[in-house]
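Structure at a glance
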Amino acid sequence: MSSSSSSSSLHWLSLVGTIWLQAINGPNSDFAIYSSQLKDVKHISQVQLNFLAFASDAGKLFGWFSGVAAIYLPLWLVAVTGAAFSLVGYGVQFLFLENSKLEYWHLFILTSLAGNGICWINTVCYLICIRNFTSDSRVAVGISTSYLGLSAKVYNVIANAVFTKTESIAKSYLLLNAIVPMIVTIFVTPSLRVLKATKERTNSAFLFMFGITLATGICAIFGSIGTKSYGFSSKEHMISLGVLLVSPLFVPVGISLSETMRKILRDKKENRIHDLRIEDIESAKETKEEREEELVVPISIPVSAQVVEEKECEEVGGMKMLKKVDFWLYFMSYMFSGTLGLVFLNNLGQIAESRGLSDTSTLVSLSSSFGFFGRLIPSFLDYFSIKRGFCISRIASMAALMAPSAGAFFLLLHPSSSILFISTAIIGACTGAITSFAVSATSELFGTKNFGVNHNIVVANIPIGSFCFGYFAAFFYQKEAQGNYKCFGSRCYATSYVIWGCTCTIGTVLCTVLYVRSRNLRRKSLSN
């Protein structure tokens with residue numbers, strides 16, 4: 001196999017590796033499923049429970065360590081380190097959950113450690129997609145990160161298929177959160193490396209990957225609505241979702257087999273022309289080179305539709321970035337939208353319980369499934385817009401998605417369960433899309449050279465927002481409970497919904513201002 005063909009298949013294999021990593025890199029996203037039971041087992045208040053949700057995000061305050069580590073360490077080692085943090089963080093909780101010696105502050109530290117591990121794996125996935133797909137980094141990052149939105153669904157499907165209803169829900173999920181990331185990380189370790197940059201754009205491969213991701217999302221939503229009503233068991237749903245998660249592997253395997261067959265055909269042709277004259281051999285070599293270029297056509301776009309290279313932006317380091325007004329507009333608008341959505345999703349367990357819903361996992365799975373589609377939106381937009389010769393601003397896209405989220409928060413004031421499911425789907429999809437857009441928005445605003453550190457500084461808004469919004473949500477919940485251990489009714493979170501809706505509206509305004517500023521600066525730089 002030629003080095004170029006081998007390189008092409010290895011590039012796609014690295015993308016498949018990041019997809020599998022992202023699919024299991026959200027163990028904290030299933031917290032809402034077992035949070036109520038955890039609250040009862042450890043006898044903690046609603047405020048303390050929300051602090052545990054914050055603890056997972058607090059680990060992201062030190063996420064920039066993973067960016068620094070990625071500069072000096074092999075990427076596979078960075079990923080294994082992140083998985084090890086999850087193994088220790090959730091594993092110790094699983095082993096000693098019912099032990100009275102495992103106190104609340106132990107849970108907080110262990111949850112923070114596991115949350116920090118997520119940053120390490122995320123950093124690896126981002127860097128591999130950006131560096132191995134230079135011409136399609138946005139599309140590759142979007143496809144990879146979309147699977148992060150599916151994590152809660154993946155863990156929920158495995159739990160339903162493997163564990164019985166008589167087993168502790170909290171311990172079941174803690175066990176999965178501990179061992180699954182390490183198992184998958186070790187399995188994909190050989191593919192986690194940066195390869196020689198290539199600007200070849202494999203058109204059909206991306207289309208095939210989009211088809212797989214759409215099928216995976218449909219399967220996830222189908223399972224969230226309810227498989228039993230359609231005659232499917234939990235194990236059958238797990239197998240079907242598992243097959244779809246393995247399917248991306250067909251892309252690198254197909255490219256490798258295709259190139260191998262072409263090499264065999266070329267070798268046969270070379271054997272038949274061994275007796276040609278020297279000048280004919282030279283002519284044959286030229287013809288062969290032309291044919292090799294033509295052979296790329298089935299999986300590459302024509303010259304007229306070459307990728308539009310993004311205009312180079314200023315490369316900004318961490319400390320310099322903190323001094324920019326654009327950074328703080330970006331930081332606050334992200335916190336008032338994407339982070340706010342994550343806080344809502346962290347509270348889904350208590351929200352469902354207060355509304356009288358017995359099966360919290362259904363609501364969590366629904367938000368995860370729509371979050372998956374939301375994270376996929378940026379890839380679709382990038383792929384088809386670039387083919388037509390233009391790029392869509394990430395900042396403008398984020399601003400456009402914040403408005404529906406704000407509306408959904410106000411809709412939650414209605415006591416209807418149907419409205420709860422609809423609003424959850426909207427917030428899940430918009431939050432997923434915003435967090436996915438933000439990955440490329442960071443490089444759009446501050447360059448790619450220091451991306452590993454810069455983006456981890458940006459996502460530090462998540463623990464800050466999680467602490468503030470989560471605390472006030474818990475405070476108003478306990479206030480409405482009027483001294484009782486639990487609160488029931490739509491009034492429990494009514495005040496929080498109003499605050500979240502207004503805050504998200506402010507975030508929309510800030511992001512719009514950021515877009516106008518960045519557009520004007522770009523126009524000035526082009527005119528100069």
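Data block above holds the structure.
Below or above, wherever it landed, is the structure these notes cover. (Residues numbered from 1 in each chain as written. Predicted model: local features only at pLDDT ≥ 70, side-chain atom pairs only at ≥ 80, totals over all residues. Heavy atoms only, no water.)

1. Brief notes about the overall build of the protein chain
To be explicit about the condition: To qualify as a helix, a DSSP run of H or I must reach at least 4 residues; to qualify as a strand, a run of E must reach at least 2; elements of each kind are numbered from the N terminus. Throughout this description, buried means an accessible area under 20% of the type-specific maximum (1.4 Å probe, protein chains only), exposed means over 50%, and partly exposed covers the range between. Contact definition: two residues touch when any of their heavy atoms are within 4.5 Å. For accessible areas, the Shrake-Rupley method is used with a probe of radius 1.4 Å. Any residue's cover is judged against the shown protein chains and nothing else.
A count of helices and strands for the protein chain gives 22 helices and zero strands. Burial analysis of the protein chain (528 residues in total) assigns 54% to the buried set. Taking the contacts inside the protein chain whose residues are at least 6 apart along the sequence as the reference set, 86% of them involve residues at least 24 apart. Only carbon and sulfur atoms are counted for the fraction: they give 65% of the accessible area of the protein chain, which is about 22,600 Å².

2. Notes on the state of the cysteines
To be explicit about the condition: Count a disulfide wherever a pair of cysteine sulfur atoms falls within 2.5 Å.
Applying the stated rule across the entire model yields one disulfide. At a sulfur-sulfur separation of 2.0 Å, the disulfide partner of Cys487 is Cys492. Here the S-S torsion is close to -95°, and the disulfide linking Cys487 with Cys492 is therefore left-handed. For Cys492, a relative accessible area of 1% gives the class buried.

3. Thoughts on empty space enclosed by the protein
How we decide: As defined here, a cavity is a set of points on a 1 Å grid over the protein atoms alone where a 1.4 Å probe fits but cannot get out. A pocket is an open set with protein on both sides within 12 Å along at least five of seven lines, and residues line them when an atom is within 4 Å of a point. Grid points are joined across faces, edges and corners, and a volume is the space filled by probe spheres set on the points. Residues were grouped as follows: Ala, Val, Leu, Ile, Met, Phe, Trp, Tyr, Cys and Pro as nonpolar; Asp, Glu, Lys and Arg as charged; and all remaining residues, including Gly, as polar.
A full pass over the atoms with the stated rule returns five cavities of 30 Å³ or more. In this structure, the largest cavity spans a volume of roughly 660 Å³. Among the secondary structure elements, those contributing two or more residues to the lining of the largest cavity are α6 (104–132), α8 (151–162), α15 (325–346), α17 (360–387), α19 (417–446) and α20 (451–458). Broken down by element, the lining of the largest cavity gets its largest block of residues, six residues, from α19. Residue composition of the lining of the largest cavity, by class: 13 nonpolar, 21 polar and three charged.

4. What about the pattern of salt bridges?
In plain terms, the rule: For this analysis, a salt bridge means a side-chain nitrogen from Lys or Arg found within 4 Å of a carboxyl oxygen belonging to Asp or Glu.
Taken as a whole, this structure holds four salt bridges when the rule is applied. The shortest N-O distance in the salt bridge between Asp40 and Lys486 comes to 3.6 Å. Taken together, the residues Asp40 in helix α2 (residues 31–42) and Lys486 in the loop between α21 (461–481) and α22 (494–527) connect sequence positions 446 residues apart.

5. Section: helix α11 (residues 234–246)
We apply this condition: Take the number of residues in a helix, subtract one, and multiply by 1.5 Å to get its expected span. In this context, the arc is that of the directions from the helix axis out to the C-beta atoms.
In a regular helix each residue adds 1.5 Å, so 13 residues correspond to 18 Å; α11 covers 18 Å between its end C-alpha atoms and thus fits that length. Listed as buried for α11 are His237, Leu241, Leu244 and Leu245. Within α11, the buried residues cover an arc of 100° as seen down the axis, which keeps them to one side. Across α11 from its buried face, at more than 90 degrees, point the exposed residues Lys235 and Ile239.

6. Some points on the packing of aromatic side chains
For the record, the criterion: Two rings from Phe, Tyr or Trp (for Trp, the six-membered ring) form a pair when their centres sit within 6.5 Å of each other. Planes less than 30 degrees apart are called stacked, planes more than 60 degrees apart edge-to-face, and all others tilted.
Here the structure, examined in full by the defined rule, presents 32 aromatic pairs. Ring geometry for Tyr34 against Tyr173: centres 6.2 Å apart, planes inclined by 20°, an arrangement best described as stacked. With Tyr34 in helix α2 and Tyr173 in helix α9 (residues 169–188), this residue pair connects regions lying 139 residues apart in the sequence. When sorted by exposure, Tyr34 lands in the same class as Tyr173, which is buried. Aromatic side chains Phe51 and Tyr471 sit 6.0 Å apart centroid to centroid with 10° between the ring planes, which places their arrangement in the stacked category. With Phe51 in helix α3 (residues 46–58) and Tyr471 in helix α21, this pair connects stretches of sequence that are 420 residues apart. Residue classification places Tyr471 among the partly exposed positions, given a relative accessible area of 31%. Through successive ring pairs, a cluster of aromatic residues spans Phe51, Phe54, Phe108, Phe467, Tyr471, Phe472, Phe475 and Phe476.

7. So, the packing of helix α5 (residues 75–96) against α6
This is how it is decided: In this analysis, axes come from line fits to C-alpha atoms, helices being fitted only over the stretch in contact, and the angle between any two N-to-C directions falls in the range 0 to 180 degrees. Small angles under 35 degrees read as roughly parallel and large ones over 145 as roughly antiparallel, with 65 to 115 read as roughly perpendicular and the rest as oblique. Crossings are assigned a handedness: left-handed for a near helix turned anticlockwise from the far helix by less than a right angle, right-handed for a clockwise turn.
At a minimum axis separation of 8 Å, α5 and α6 run at an interaxial angle of 155°. With respect to their mutual orientation, α5 and α6 come out roughly antiparallel. Note that α5 runs across α6; the crossing there is left-handed.

8. Describing the side chain of Asn156
Counting through the fold element by element, Asn156 comes out in helix α8. The residues touching Asn156, leaving out its near neighbours within four places in the chain, are Ile33, Tyr173, Ser361 and Ser365.

9. Looking at helix α7 (residues 137–146)
α7 sits mainly inside the fold: ten of its ten residues count as buried. Along α7, the residues that are buried comprise Ser137, Arg138, Val139, Ala140, Val141, Gly142, Ile143, Ser144, Thr145 and Ser146.

10. Some words on the packing of α15 against helix α18 (residues 394–411)
Interhelical geometry of α15 versus α18 gives an angle of 40° and a closest axis separation of 11 Å. Taken as axis vectors, α15 and α18 run oblique relative to one another. Crossing hand, α15 versus α18: left-handed. Residues Tyr330, Ser333, Ser337, Leu340, Gly341 and Phe344 of α15 pack against Met398, Met402 and Phe409 of α18. Across the contact of α15 with α18, the residue classes break down as six nonpolar, three polar and no charged.

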